[in-house]
Amino acid sequence: MLLTLTTTHSPATDIGFLLRKNPARSQSFTLTFGKAHVFYPEATTERCTVALLVEVDPVGLVRNRRGPAGEGGALEQYVNDRPYAASSFLSVAMAEVFGSALSGKSKERPELADTPLPLRVTFSALPCRGGEEFLRKLFEPLSYTVSAHRLPLDENFPDWGESTYHRVELESRLPLQRLLSHLYVLVPVLDNDKHYWVGDDEVNKLLRHGAGWLAAHPEREAITRRYLKHRRSLVDDALAQLVDESEPDPDAAAATRDAEEAALEANVGQASSLSPSIQTLRADEGARQDACPTLNEQRLGSVLAALKASGATRILDLGCGEGRLLQALLKEKQFAEIVGMDVSHRALEIAHDRLHYDRLPPVQKERLRLLHGSLIYRDQRLAGFDAAAVVEVIEHLDAPRLAAFERVLFECAQPKHIVITTPNCEYNVKWETLPAGKFRHRDHRFEWTRAEFQEWANRVAARFGYNVRFLPVGPEDSAVGSPTQMGVLERKSA
């Protein structure tokens, strides 16, 4: 089995310090199941590639009684894919040969251990039990670009069809230790097998190598089940320990988020005449009509206008918070069904009170539903709607959750129209009270420039079959743009 790892970090040969393997010579290592060889097909300051070649001796495994349990005298002990396709043997080889890098240590260059590097991994043959879709579900939430080519059973006999193996390339920018941890766990997960006994110590290995990423992964349960060979007691133990204790309580976060952002944005407005959508919002809030609209009023007014222009009648408000947009949507007779969903129970309670839900006339009450749910898990309740609003939500999601959210919204729910708003970080310099380099809210995981937001929106639009256009929200500065940026997406088949 062959794995290659390439970097264009400058100088690229610095990767040798992380791996503790000299690019100028090849090395071989004796393993309990065969041999591992490390060599560098290319090693320049601009580009460096290291190769790990693992030779497995299946006959030796049988003779030494190290074969998979229960095989007995089966022919599979002698004729199998072990010498060729990546498997748990490759994970073991990486742990033994690249142990220092896997633990995040570098004696000669300690500063490199935590430095994100441009990295590309190539597997000559990677088993994908579950197909390319499952492969992407594993790596794309971890911010990898995935390229996969399915291999035939035999090139000389095309009628035999395709195999379960793929030639795979993964690209990302991240610390080497993090990449090796991903591979250590996910290679045997893709194989859906392990070639050694799985006991309690495997739970510890999973938690150790999954630290910092597995708890938040949208496929956490599938990864855990496969890694532990579906042993229920071990799986339950691991999942119980994988509860992400660092995740802030959604009710506590919701209680402070709106107030903090409102205080920061309070002085952003325009003295121009108010649009009908903003007038509706101001009436709902009991605000003075001659006062300058706040940024949040302009934002919600712009979203409301986009939803009305789409012609949609069935609307989702994802991450609805305390229900300000829902309140405006209820005023519009165009919208026959309105659903608000949020992860915070407390926010939904406030929305319930704001909307006077218990006192709504029966006809109005039938139009409105409030759902408790997470935007990173597929939910069939979200399918079949005309439009979805996602107002100031995505910046609260870290990379794995954002990738999961993309699938939930664009692949599972598939509304015909989507309106998304997010802060424009270029505008942050306009706030004197906001220190340089700080986000507008402490719960934000990122804040994008206009170019970054457009790159993300164009990418998901192309991937899931949408057209997208971009609109500024709030006072627009010639140099830094508007404080809020909005993307309006329309499904091509709509």
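Residues numbered from 1 in each chain as written. Predicted model: local features only at pLDDT ≥ 70, side-chain atom pairs only at ≥ 80, totals over all residues. Heavy atoms only, no water.

(A) Expanded view of the pattern of salt bridges. Per the counting criterion, the structure on display carries 26 salt bridges. Between Arg109 and Asp14 there is a salt bridge; the shortest N-O distance is 3.0 Å. Taken together, the residues span a long stretch of sequence, with Arg109 in the loop between helix H4 (99-102) and strand E5 (117-127) and Asp14 in the loop between strand E1 (2-7) and helix H1 (15-19) at a distance of 95 residues. Of the charged contacts in the structure, one is a salt bridge between Arg401 and Asp398, with a shortest N-O distance of 2.9 Å. When its relative accessible area of 10% is taken as the criterion, Arg401 is described as buried. On the basis of relative accessibility, which here comes to 23%, the residue Asp398 falls in the partly exposed class. A network of salt bridges, in which partner residues are shared, links Glu132, Arg136, Glu140, Arg407, Glu411 and Arg463. (Salt bridge = Lys/Arg side-chain N within 4 Å of Asp/Glu carboxyl O. Helix = DSSP H or I, 4+ residues; strand = E, 2+ residues; numbered from the N terminus. Buried < 20%, exposed > 50% of the residue type's maximum accessible area, 1.4 Å probe, protein only.)

(B) Examining helix H14 (residues 345-354) more closely. Turning to H14, its buried residues are Ala347, Leu348, Ala351 and Arg354. Take H14 and look down its axis: the buried residues cluster within an arc of 120 degrees, on one side only. The N-cap of H14, judged by a side-chain oxygen 3.4 Å from the amide nitrogen of Arg346 a few residues on, is Ser344. His356 sits one or two positions beyond H14 and adopts a positive phi of about 50 degrees. (Arc of directions from axis to C-beta. Polar contact = N/O pair within 3.5 Å; in protein donor to acceptor, adjacent residues only side chain to side chain.)

(C) The layout of surface pockets, seen in detail. Within this model, the second largest pocket holds a volume of roughly 610 Å³. For the second largest pocket, the lining is made up of 23 residues, of which Glu140, Ser143, Glu406, Trp456 and Arg459 are closest to its centre. The set of elements that each furnish at least two residues to the lining of the second largest pocket consists of strand E6 (145-152), helix H16 (399-413) and helix H17 (450-464). Considering only residue class, the lining of the second largest pocket consists of ten nonpolar, two polar and eleven charged. (1 Å grid on protein atoms, 1.4 Å probe; cavity = no way out; pocket = protein on both sides within 12 Å on 5 of 7 lines; lining within 4 Å. Points joined across faces, edges and corners; volume = space filled by probe spheres on them. Nonpolar A, V, L, I, M, F, W, Y, C, P; charged D, E, K, R; others polar.)

(D) Inspection of a nonpolar patch on the surface at higher detail. There is a patch of nonpolar side chains on the surface, built from Leu153, Phe157 and Trp160 and spanning about 350 Å² of accessible area. Turning to its location among the elements, Phe157 is positioned in the loop between E6 and strand E7 (162-174). Taking the relative accessible area as the measure of exposure, Phe157 reaches 42% and is therefore partly exposed. (Patch = residues over 30% accessible without salt bridge, like charges linked within 9 Å, V, L, I, M, F, W, Y side chains within 5 Å. Areas by Shrake-Rupley, 256 points an atom, 1.4 Å probe, with all protein chains shown as cover.)

(E) Broad picture of unusual backbone geometry. Residue Pro11 is bonded to the preceding Ser10 through a cis peptide linkage, with omega at -5 degrees. As for its placement among the helices and strands, Pro11 is situated in the loop between E1 and H1. A positive phi angle, near 55 degrees, is found at Arg20, a position not held by glycine. Mapping Arg20 onto the fold places it in the loop between H1 and strand E2 (27-31).

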